[in-house]
Amino acid sequence: MSHRVRVTATRPRAAKRVTGGCLCGEVRFEVTGPFLRASHCHCSRCRKHSGAAVGTQGRVLREHFRLLSGERLIRTYKPEGGASKAFCSVCGSSLFGGDWPEGDEVSIRLGSIDGDPGIRPQYHTFVDSKAPWDDITDDLPQFPGAWRKPR
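Predicted, not measured: the structure shown is a model, and the values here were computed from it.

J.: How would you explain the overall build of the protein chain if you had to name every residue and give the values?
T.: A tally of helices and strands in the protein chain yields one helix and 10 strands. The secondary structure elements of the protein chain, listed N-terminal to C-terminal, are β-β-β-α-β-β-β-β-β-β-β. Relative to its 151 residues, the protein chain shows a buried fraction of 46%. Excluding contacts between residues fewer than 6 apart, the proportion of contacts in the protein chain whose partners are at least 24 apart in sequence is 60%.

J.: Would you mind going over the sheet that holds strand β9 (residues 105-109) in detail, with residue names and values included?
T.: Taken together, seven strands build an open sheet; the order of strands is β6-β7-β8-β9-β4-β3-β10 and the sheet is mixed. Unpaired on one side and paired on the other, β6 (74-77) and β10 (123-125) mark the two borders of the sheet. Each adjacent strand pair in this sheet contributes to an overall mean axis angle of 30 degrees, direction not counted. Alignment of strand β8 (residues 94-98) against β9, held across three bridges, turns out to be antiparallel. Looking at β9, one finds that Phe96 is bridged to Ile108.

J.: Can you tell me about unusual backbone geometry, naming the residues and giving the values?
T.: Positive phi, close to 55 degrees, is recorded for Phe126, a residue that is not glycine. Mapping Phe126 onto the fold places it in the segment after β10.

J.: So what about the environment of Asp128? Which residues, and what values?
T.: Along the chain, Asp128 falls in the segment after β10. Once the C-alpha coordinates of Asp128 and Gly145 are considered, the two residues, 17 residues apart in sequence, prove to be 6.9 Å apart.

J.: I'd like a rundown of the nonpolar core, residues and numbers included.
T.: Judged by nonpolar contacts, the single largest core of 21 residues is most densely connected at Phe29, Phe35, Phe65, Phe96 and Ile108. Those elements that provide at least two residues to this core are β2 (28-31), β7 (84-88), β8 and β9. Residue contacts for Ile108: discarding those within four places in its chain leaves Phe29, Val31, Phe35, Thr56, Gln57, Gly58, Val60, Phe65, Leu95, Phe96 and Ile113.

J.: Explain the sheet that holds strand β5 (residues 65-69) residue by residue, including any values.
T.: The strand order across the open sheet formed by three strands is β1-β2-β5, and the pairing between neighbours is antiparallel. Either end of the sheet is taken by a strand with one partner, and the two such strands are β1 (18-21) and β5. Strand-to-strand twist across the sheet, computed as the mean angle between neighbouring axes with direction ignored, equals 25 degrees.

J.: How would you explain the confidence of the model for the protein chain if you had to name every residue and give the values?
T.: Mean pLDDT over the protein chain stands at 88; residues scoring 70 or higher make up 87%. In this model, residues 8-15 is a region of pLDDT below 50 whose contacts with residues beyond four sequence positions or in other chains number 22 contacts.

J.: Talk me through the pairing of β6; I want residue IDs and the actual numbers.
T.: Pairing of β6 with β7 involves four bridges; the strand directions are antiparallel. Within the sheet, the bridge partner assigned to Thr76 lies in β7 and is Ala86. Following β6, the chain reverses through six residues before pairing antiparallel with β7; Gly81 in that reversal takes a positive phi of roughly 75 degrees.

Rules and cut-offs
- Counting starts from 1 at the beginning of each chain's written sequence and moves along it residue by residue.
- Note on the predicted model: pLDDT of at least 70 is required for a residue's local features to be given, and 80 or more for side-chain atom pairs to be given and counted; whole-chain, interface and lining totals, by contrast, use all residues.
- The basis for every side-chain value is the complete set of non-hydrogen atoms in the structure, without hydrogens or water.
- Helix and strand definitions follow DSSP, with helices as H or I runs of at least four residues and strands as E runs of at least two, each counted in order from the N terminus.
- Throughout, exposure labels follow a simple rule: accessible area from a 1.4 Å probe, protein chains only, divided by the maximum for the residue type, with under 20% read as buried, over 50% as exposed, and the rest as partly exposed.
- Any two residues whose heavy atoms approach within 4.5 Å are treated as being in contact.
- In this analysis, strands are considered paired if DSSP registers two or more bridges between them.
- Axis definition: a line fitted to C-alpha atoms, over the contacting stretch in the case of helices. Angles run 0 to 180 degrees between N-to-C directions.
- Among the buried residues, those of types Ala, Val, Leu, Ile, Met, Phe, Trp, Tyr and Cys that are joined through side-chain atoms within 4.5 Å form a nonpolar core.
- What pLDDT conveys is the predictor's confidence in a given residue, as a value from 0 to 100.

If you want it as structure tokens, here you go:
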């Protein structure tokens, strides 16, 4: 099943700067530019990392992401062939990943944002590996694997 998804950058509504962090408050970060896209990922890695049916994240350009504190507490797990999963080593909060820290984009877990990120999930990925008890009840486009940028 192929869906065309129009993904447009959206400036955060409340402010140009959006902040976020972990549960214990030791890791803090800011986003200073618009989110490029946002999605719900149903892959087994995101499910296990989040402990939920999906990992919901928004992507920003690396230049629009800055760690404010707690860098020494961040641990990253990068499975072979998969995206990075960065988390706080104190409280275990899932924070960001994707291509972090080396890539051009950072995938930020929207649950770690303080307040409104100014973007909403636009599609579902890896629905072919979703949990058997996970029923998708919205009308967002669904992709069996990863979403790929249109050429």
